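Working through the structure, step by step
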Amino acid sequence: MILGLCGSGRKEGNTGALVEAVLQGAGSQSELIWLIDLNIGYCTGCMRCAFEGTCWQQDGMTALYRKLIDCDAIVFGSPCYYGNVSGLFKSFMDRSIALGYMGIGKEAEIAMHGRKPLAGKPAAIVSAVAGHGADSVLAIMESYVGYGEMNIVGKLGAVAGMDDVRDKKEIMGQARELGIKLRQALGK
Ligand SMILES: Cc1cc2nc3c(=O)[nH]c(=O)nc-3n(C[C@H](O)[C@H](O)[C@H](O)COP(=O)(O)O)c2cc1C
């Protein structure tokens, strides 16, 4: 099962269209999750997760931890906001620090980083951007995926102006190609 995560609040927007196209290209069973629906609280940096094995906040992230661990591959999508990820996506990234303290996966090289339950999992990254900032948002997302030691199969920064990316055949084709790479990484 491939999990798609969308960090845009606009369900008719471009990021979701890109994530959907990657999932389509992958052609496997998939689930698209809109982070906006999960009511994800901010990481407070308390590090209670490191001592208690889970985050004290009970919200949409609670079920998402399990889905991230159980899925075969992940498509991460965020719009570009000021050359960065959206606040929604940043909260998701920050809260996923608790994954390292659930006692699952390989040990991190630095002990205080806990464990790496998503290590080796194939991942694709997409970002929708009006004009400038694709490189920096992709670098931020790639750094997150690298921290988790996931296997990044590819990335796509889709510059679409204020247009609907669904009308841009070349970009949509690139997103589907990314999905094919994801499927290949899964050995299918
Ligand atoms: C708060 C905010 C900041 C943005 N910053 C940038 C930016 O730095 N560079 C850019 O090209 N577009 C920027 N945009 C435009 C969005 O990246 C673009 O419209 C994108 O398609 C939004 O994704 P969505 O369609 O999935 O909502 C920004 C939009 C918002 C709302």
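The structure presented is a predicted model; accordingly, all values stated were derived computationally and were not measured. Numbering of residues starts from 1 in each chain and follows the order in which that chain's sequence is written. Local features in this predicted model are restricted to residues of pLDDT 70 or higher, and side-chain atom pairs are both shown and tallied only at a pLDDT of 80 or more, whereas totals for entire chains, interfaces and linings draw on every residue. The basis for the side-chain values is all heavy atoms of the structure; hydrogens and waters are excluded.

We call a residue near a molecule or strand whenever a single non-hydrogen atom of that residue lies within 4 Å of it. Not every one of the 15 residues close to the ligand is listed here, only the nearest: Arg10, Thr15, Cys80, Gly131 and His132. We define a polar contact as two N or O atoms separated by no more than 3.5 Å, with the added condition that, inside protein, one atom must be a possible hydrogen donor and the other a possible acceptor, whereas residues neighbouring each other in sequence contribute only through side-chain atom pairs. Contacts to the ligand include Asn14, whose backbone N or O atom sits 2.8 Å from an oxygen atom. Bound to the protein, the ligand loses 75% of the 630 Å² it would expose on its own. Elements are defined by DSSP. Helices are runs of H or I of four residues or more, strands are runs of E of two residues or more, and each kind is numbered from the N terminus. Secondary-structure elements contributing two or more residues to the shell around the ligand are α1 (14-26) and β6 (122-129). When its residues are assigned to classes, the shell around the ligand shows seven nonpolar, seven polar and one charged. Surface exposure here means Shrake-Rupley accessible area, sampled with a 1.4 Å probe, where a residue is shielded only by the protein chains that are shown. Note that Gly is not counted as nonpolar here; it falls among the polar residues with everything else outside the nonpolar set of Ala, Val, Leu, Ile, Met, Phe, Trp, Tyr, Cys and Pro and the charged set of Asp, Glu, Lys and Arg.

As a further point, take unusual backbone geometry. The phi torsion of most residues other than glycine is negative, and most of the peptide bonds are trans. Phi angles above zero are rare outside glycine, and Asn39 is one such case at about 55°. Here Asn39 is to be found in the loop between β2 (30-34) and α2 (48-52). Here Tyr82, not a glycine, exhibits a phi torsion of approximately 50°, which is positive.

Here we take up the nonpolar core. The definition of a nonpolar core used throughout is a set of buried Ala, Val, Leu, Ile, Met, Phe, Trp, Tyr and Cys residues joined through side-chain atoms within 4.5 Å. Partly exposed residues are those whose accessible area sits between 20% and 50% of the maximum for their type, while under 20% is buried and over 50% is exposed, using a 1.4 Å probe and protein chains only. Ranked by size, the top nonpolar core spans 35 residues in total, and within it Leu5, Leu64, Leu68, Phe76 and Phe92 carry the most contacts. Mapped onto this core, the elements with two or more residues apiece are β1 (2-6), α3 (60-70), β3 (73-79), α4 (87-95), β6 and α5 (134-147). It is α5 that provides the largest number of residues to this core, a total of six residues. Whether two residues touch is decided by their heavy atoms; if any such pair falls within 4.5 Å, the residues are in contact. Residues contacting Leu5, with those up to four places away along its chain left out, are Val19, Ile33, Leu35, Leu64, Leu68, Ile74, Val75, Phe76, Gly77 and Phe92.

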